[in-house]
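Given next are the chains, with one letter for each unit.
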Amino acid sequence: GINAEYMGTPSECLFFFAMGVKEKAFRGVVIDAKAHLVGRLATIVAKQLLRGQNIVVVRSELLEVTGCLGRNRKKWLLFLRKKHLTNPSKGPHHHRAPSKMFWRVVRGMIPYKTKRGAAALARLKVVEGIPAQYRHIKRAVVPAAMRVLRINPIRDVTVLGDLCSGLGWKYKNIIEEVEKKRKERDSLWFKRKQQVLRLKKAAEKIVNRKIRKTTLSDPIRLGHLKHVL
């Protein structure tokens, strides 16, 4: 079944761990961002960071924003026009990568100029795809931020990777190829794992059958077994 673990009050954030295995070397939560709404997920992540939780957000290119692609593209192009009048290098900096865009949204919900806020923001890591070090760590989803549970299914949504690809992000195709290879490897690993489990169960049945035959054929062992029962 699915193991559930509470982080804070149920109304604020409930992480459901969906797949993978826990790794002792990593202490924190790995969130699979697929089909999550950017703003709702950012609020929960920001709250947990301020509480001291270490969080890694993977597959950030599959985050979603409400509204159609054209509408969100126009909004982002208006944001690209905003710059420092005399020295644009001072900001605002316009990130094109999905991971950086989500990181900036979370940063806006944290007092990052204070020591507490800076320490909280340092506990956050956002990446595209699923790097090798997080492949077999149990990944979590956040029901309070999932699109299928929070908005009407007839509403338009925009995948963050598609939006970024049209605004200058150049690595969408590369991430898709890497993710395709990772899914093939994970599928092969899962099939081998299931095969090993089936062989283990078959071996346990054979051993139990042999032990039962040996016990029933030996009067001394049979009498001891009856005495124990």
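Here goes a summary of the coordinates provided. If you're wondering where the values come from, they're calculated on a predicted model, not measured in any experiment.

### Some words on the layout of surface pockets
Phase 1: Of the voids in this model, the largest pocket is the one considered here, and its volume is about 380 Å³.
Phase 2: Taken together, 16 residues make up the lining of the largest pocket; nearest its centre are Val38, Val65, Trp76, Met101 and Val105.
Phase 3: Elements represented by at least two residues in the lining of the largest pocket include exactly α1 (38-50), β5 (64-66), α2 (69-80), α3 (98-107) and α6 (160-165).
Phase 4: Here the residues of the lining of the largest pocket sort into 10 nonpolar, 3 polar and 3 charged.

### Considering the packing of aromatic side chains
Phase 1: Using the criterion set out here, one finds 1 aromatic pair in the structure.
Phase 2: Judged by centre distance (4.9 Å) and plane angle (50°), the rings of Trp76 and Phe79 are tilted. With a gap of 3 residues between them, Trp76 and Phe79 both fall in helix α2, about one helical turn apart. Phe79 carries the same exposure label as Trp76, and that label is buried.
Phase 3: A cation sits over an aromatic face here: Lys100 above Trp103, 5.1 Å from the ring centre.
Phase 4: Note that Arg107 overlies the ring of Tyr112, its terminal NZ or CZ placed 4.6 Å from the centroid.

### Quick notes on the side chain of Thr158
Phase 1: Checked against the element boundaries, Thr158 lands in strand β8 (residues 157-159).
Phase 2: Judged by relative accessible area, which is 3%, Thr158 ranks as buried.
Phase 3: A distance of 3.2 Å separates a polar side-chain atom of Thr158 from the backbone nitrogen of Leu69.
Phase 4: A polar atom in the side chain of Thr158 sits 2.9 Å from the side chain of Asn72.
Phase 5: Residues contacting Thr158, with those up to four places away along its chain left out, are Leu63, Glu64, Val65, Gly67, Cys68, Leu69, Asn72 and Leu163.

How each quantity is defined
- Residues numbered from 1 in each chain as written.
- Predicted model: local features only at pLDDT ≥ 70, side-chain atom pairs only at ≥ 80, totals over all residues.
- Heavy atoms only, no water.
- 1 Å grid on protein atoms, 1.4 Å probe; cavity = no way out; pocket = protein on both sides within 12 Å on 5 of 7 lines; lining within 4 Å.
- Points joined across faces, edges and corners; volume = space filled by probe spheres on them.
- Helix = DSSP H or I, 4+ residues; strand = E, 2+ residues; numbered from the N terminus.
- Nonpolar A, V, L, I, M, F, W, Y, C, P; charged D, E, K, R; others polar.
- Phe/Tyr/Trp six-rings, centres within 6.5 Å; stacked < 30°, edge-to-face > 60°.
- Buried < 20%, exposed > 50% of the residue type's maximum accessible area, 1.4 Å probe, protein only.
- Lys NZ or Arg CZ within 6 Å of the ring centre and 35° of its normal.
- Polar contact = N/O pair within 3.5 Å; in protein donor to acceptor, adjacent residues only side chain to side chain.
- Contact = heavy atoms within 4.5 Å.

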